[in-house]
Amino acid sequence: MQSLRPSFPVSTPAPDSAPLVVSKAQVGEWLLLEELDKERRYQEQLVGWQARYQMSFEAFEQRVTTATTEVFGEWDDYIDWQATRDLHAALLKRIADIRRSHFQIA
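Reference entry: report on the structure contained in this document.

Calculation criteria
Residues numbered from 1 in each chain as written. Predicted model: local features only at pLDDT ≥ 70, side-chain atom pairs only at ≥ 80, totals over all residues. Heavy atoms only, no water. Helix = DSSP H or I, 4+ residues; strand = E, 2+ residues; numbered from the N terminus. Buried < 20%, exposed > 50% of the residue type's maximum accessible area, 1.4 Å probe, protein only. Areas by Shrake-Rupley, 256 points an atom, 1.4 Å probe, with all protein chains shown as cover. Patch = residues over 30% accessible without salt bridge, like charges linked within 9 Å, V, L, I, M, F, W, Y side chains within 5 Å. Salt bridge = Lys/Arg side-chain N within 4 Å of Asp/Glu carboxyl O.

**Observations concerning the overall build of the chain**
For the chain, the count of helices and strands is three helices and zero strands. Each helix and strand of the chain, ordered N terminal to C terminal, gives the series α-α-α. The proportion of buried residues among the 106 residues of the chain is 25%. Working note: accessible area of the chain is about 7,900 Å², and carbon and sulfur atoms make up 56% of it.

In structure tokens:
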């Protein structure tokens, strides 16, 4: 498991000292830590829905969309589960981009 502690010292300069200079690699490490935390939370949600319904998203989607009677709670979970899957996929791409240093600093 990767360490969540940055590999560089973090300190705030005194008001009368030179400005703090941060490299792109350091910013990348901070961004990566934030995105890995989000990824863990999304993964926990996805696993939670799979455990709750004892089936994959695809099986649940089939069940909800072909049901003869509408169960509103399941439709709500279906929408949330689908949105979380989409967000998780986009986040995995962003994590890969950060690891390759494909990000810009404003």
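**Describing a nonpolar patch on the surface**
Taken together, the side chains of Leu 20, Val 22 and Trp 30 define a hydrophobic patch exposed on the protein surface, amounting to about 250 Å² of accessible area. For Leu 20, the position within the fold is in the segment before helix H1 (24–53).

**Quick notes on unusual backbone geometry**
Positive phi values are uncommon outside glycine, yet Gln 54 reaches one of about 55°. When you line up the elements, Gln 54 lands in the loop between H1 and helix H2 (57–66). Despite not being glycine, Ser 101 has its phi angle at roughly 60°, a positive value. The topology assignment puts Ser 101 in the segment after helix H3 (72–99). Take Ser 101: its relative accessible area is 42%, and that puts it in the partly exposed class.

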